Amino acid sequence: MNILVLYAHPVETSFNAGLHKVIVERLTAAGHAVDDCDLYAEDFDPRLTRAERLGYHDQRRPGDAMADYVERLQRAEALVLSFPVWNYGYPAILKGFFDRVFLPGVSFKLVDGKVQPTLHNISKLAAVTTYGGSRFRAMLMGDPPRKVVSRMLRATIKPGASVSYLAHYSMNLSTDGTRKAFMAKVAARMDAF
């Protein structure tokens, strides 16, 4: 499969960087074509410009600022997100990717004022993430990242697509053992992806 990996963490020595490395290595070893999109390394600008917002519903054109990212998303048959949860949300750079790339005519179209998903090229979706706090604390806050993956992104991709959400909670209290166990879980999931 052609797999787009969206990675969003600025520190190359972080646990998330280790997870990202395992994701890419295991998917590649399994024979997949991996498009490794490290948003920080690519210096992705998450800010939606005034012009982009004013032209939000316009037909996409090859010269658009996000044309390369749109092409990469539309070429993908699967999508893997690798990110930490900060303040119960996505890192700004990943949120900005959704805002600037998941556009009308790309991830959905409007027909008579109703949204119709169009990312049916994506038949598998996985999110690999870490939280500083506990699962209970995330649930109290509504766990927005999990809901975006399991509801919004699920509704945007191919109907019936496989969706998984792998989260290591309580990173603030994690140990070598809990991190190794989660790393092994992610490796096994990527091997079977």
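Everything below is about the structure printed above this text.
A brief structural summary. Only a predicted model underlies this, so the values are computations on that prediction, with no experimental measurement involved.

### Topic: the sheet that holds strand β3 (residues 78-85)
If you trace the five strands from one edge of the open sheet to the other, you get β2-β1-β3-β6-β7, paired in parallel fashion. Each of the sheet's edge strands pairs with one partner strand only, and the pair in question is β2 (33-38) and β7 (162-168). Each strand of the sheet is rotated relative to its neighbour by a mean of 15°, with strand direction disregarded. The pairing of β3 with strand β6 (residues 124-131) spans eight bridges and is classified as parallel. Bridge pairing in β6 links Val-80 to Ala-126. Its contacts with the sheet put helix α7 (residues 176-192) on β3, β6 and β7, and the angle it makes with β7 is roughly 165°.

### Considerations on the nonpolar core
Counting residues in each nonpolar core, the largest one holds 39 residues, and the members touching the most others are Leu-81, Phe-83, Leu-94, Phe-97, Val-101, Phe-102 and Tyr-165. Breaking this core down by element, the ones donating at least two residues are β1 (2-7), α3 (67-75), β3, α4 (92-101), β6, α6 (144-156) and β7. Looking at this core, the element that brings in the most residues is α4, giving five residues.

### Considerations on the pairing of strand β4 (residues 108-111)
Along any regular strand, the residues point their side chains to alternate faces of the sheet. Here β4 pairs with strand β5 (residues 114-117) via four bridges, running antiparallel. Within β5, the residue paired with Phe-108 across the bridge is Pro-117.

### What about the environment of Glu-25?
Summarising the element assignment, Glu-25 is placed in helix α1 (residues 15-29). Residue classification places Glu-25 among the partly exposed residues on the basis of a relative accessible area of 45%. Once the C-alpha coordinates of Glu-25 and Gly-133 are considered, the two residues, 108 residues apart in sequence, prove to be 28 Å apart.

### Here's the deal with a nonpolar patch on the surface
Where nonpolar side chains cluster on the molecular surface, the patch consists of Phe-136, Leu-140 and Met-141 and spans about 370 Å² of accessible area. Judged by its relative accessible area of 61%, Leu-140 is exposed.

### Examining the environment of Arg-50
Secondary-structure assignment places Arg-50 in helix α2 (residues 50-54). Considered as a pair, Arg-50 and Asn-87 are 37 residues apart in the sequence and their alpha carbons are 26 Å apart.

### With respect to the layout of surface pockets
Quantified by volume, the largest pocket comes out at close to 260 Å³. What lines the largest pocket is a set of 14 residues, and nearest its centre among them are Phe-102, Ser-107, Phe-108, Met-152 and Thr-156. When residues of the lining of the largest pocket are traced back to their parent elements, those giving at least two are α4, β5 and α6. At four residues, α6 tops the list of elements feeding residues into the lining of the largest pocket. Of the residues in the lining of the largest pocket, the class split is ten nonpolar, two polar and two charged. Taken as a whole, the second largest pocket holds about 200 Å³ of empty space. Lining the second largest pocket are 14 residues, and of these Glu-52, Gly-55, Arg-60, Asp-64 and Leu-103 lie nearest its centre. Class assignment for the residues of the lining of the second largest pocket results in six nonpolar, two polar and six charged.

### Some words on the side chain of Asp-38
Take Asp-38: it is sitting in strand β2. Despite being buried, Asp-38 has no salt bridge partner; Arg-72 is the closest side chain of opposite charge, sitting 9.4 Å away. A polar atom in the side chain of Asp-38 sits 3.1 Å from the backbone nitrogen of Ala-41.

What counts and what doesn't
Residues numbered from 1 in each chain as written. Predicted model: local features only at pLDDT ≥ 70, side-chain atom pairs only at ≥ 80, totals over all residues. Heavy atoms only, no water. Pairing = 2+ DSSP bridges. Helix = DSSP H or I, 4+ residues; strand = E, 2+ residues; numbered from the N terminus. Axes fitted to C-alpha atoms, helices over the stretch in contact; angles between N-to-C directions. Contact = heavy atoms within 4.5 Å. Core = buried A, V, L, I, M, F, W, Y, C linked by side-chain atoms within 4.5 Å. Buried < 20%, exposed > 50% of the residue type's maximum accessible area, 1.4 Å probe, protein only. Patch = residues over 30% accessible without salt bridge, like charges linked within 9 Å, V, L, I, M, F, W, Y side chains within 5 Å. Areas by Shrake-Rupley, 256 points an atom, 1.4 Å probe, with all protein chains shown as cover. Salt bridge = Lys/Arg side-chain N within 4 Å of Asp/Glu carboxyl O. 1 Å grid on protein atoms, 1.4 Å probe; cavity = no way out; pocket = protein on both sides within 12 Å on 5 of 7 lines; lining within 4 Å. Points joined across faces, edges and corners; volume = space filled by probe spheres on them. Nonpolar A, V, L, I, M, F, W, Y, C, P; charged D, E, K, R; others polar. Lys, Arg positive; Asp, Glu negative; His and termini not counted. Polar contact = N/O pair within 3.5 Å; in protein donor to acceptor, adjacent residues only side chain to side chain.

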